[in-house]
Amino acid sequence: MTSPRITGIWISANSATMLRWSPELTVRHRIDSTVPGRHRSTGRPPTEEHGGEGHRDEHMRSFLDHVAHAVPVDDDLLLVGDGEVVEHLADHIRTNDASHDRQRRIEVAKSGTITERQLLARIRIFAGSPARRTLPR
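Residues numbered from 1 in each chain as written. Predicted model: local features only at pLDDT ≥ 70, side-chain atom pairs only at ≥ 80, totals over all residues. Heavy atoms only, no water.

## A look at the nonpolar core
When a protein is soluble and globular, its nonpolar side chains tend to lie buried together. Core analysis: the largest hydrophobic core is formed by 21 residues, its most contacted members being Ile9, Ile11, Phe63, Val67, Leu79, Leu89 and Ile93. Setting aside its immediate chain neighbours within four residues, Phe63 contacts Ile11, Ser12, Ala13, Ser15, Ala16, Ile31, Asp32, Ser33 and Val35. Among the nonpolar cores identified, the runner-up in size contains eleven residues, and Leu19, Trp21, Leu78 and Phe126 belong to it. (Core = buried A, V, L, I, M, F, W, Y, C linked by side-chain atoms within 4.5 Å. Buried < 20%, exposed > 50% of the residue type's maximum accessible area, 1.4 Å probe, protein only. Contact = heavy atoms within 4.5 Å.)

As structure tokens, then:
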């Protein structure tokens, strides 16, 4: 029997942090995004003269494609994020898997920003191998 491998990703429009976990090893990978930010005062994208929503959407598609291609095809996935970006990534990966007749477990969880240690703890629970807790002395 092979060891289970899980890839956990915390993603926002700014970046994706990927942790590939197995009982023997954890590998970290970060992908920074080139998606332009939304205007802070209104939450809307820049006007058409500054690139507009279509420009932002194209950057987002490119970013999601980059992240999806970095994910090992045989790993189960735990996708965590605080907005719609995590849902878009899940849809992107599921569509790609379906077109290649691949099946794997994909779970999506909503969460604000988390640390790598918190992501690793969630991955281990998802894998059925939570870290042992010890009682204080």
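## Some remarks on the sheet that holds strand 5 (residues 106–110)
Spatially, five strands are ordered 3-2-1-4-5 in an open sheet, and the strand pairing comes out mixed. Edge strands, defined here as strands with exactly one partner in the open sheet, are strand 3 (26–32) and strand 5. Here the strands of the sheet are splayed against their neighbours by 15 degrees on average, with no regard to which way each runs. Examined bridge by bridge, strand 1 (residues 6–11) and strand 4 (residues 76–81) share six bridges and lie parallel to one another. Note on strand 4: the bridge partner recorded for Ile11 is Gly81. With respect to the sheet, helix 2 (residues 84–99) is in contact with strand 1, strand 4 and strand 5, its orientation differing from that of strand 5 by roughly 170 degrees. (Pairing = 2+ DSSP bridges. Helix = DSSP H or I, 4+ residues; strand = E, 2+ residues; numbered from the N terminus. Axes fitted to C-alpha atoms, helices over the stretch in contact; angles between N-to-C directions.)

## Topic: helix 2
Taking 1.5 Å per residue, 16 residues should reach 22 Å; helix 2 reaches 23 Å between its end C-alpha atoms and fits that length. Of the positions making up helix 2, those classed as buried are Val85, Val86, Leu89, Ala90, Ile93 and Asp97. Axial view of helix 2: buried residues confined to an arc of 140 degrees, hence all on one face. Across helix 2 from its buried face, at more than 90 degrees, point the exposed residues Glu84, Thr95, Ala98 and Ser99. Note on helix 2: the residue one or two positions beyond its end, Asp101, has a positive phi of about 55 degrees. (Expected span 1.5 Å × (residues − 1). Arc of directions from axis to C-beta.)

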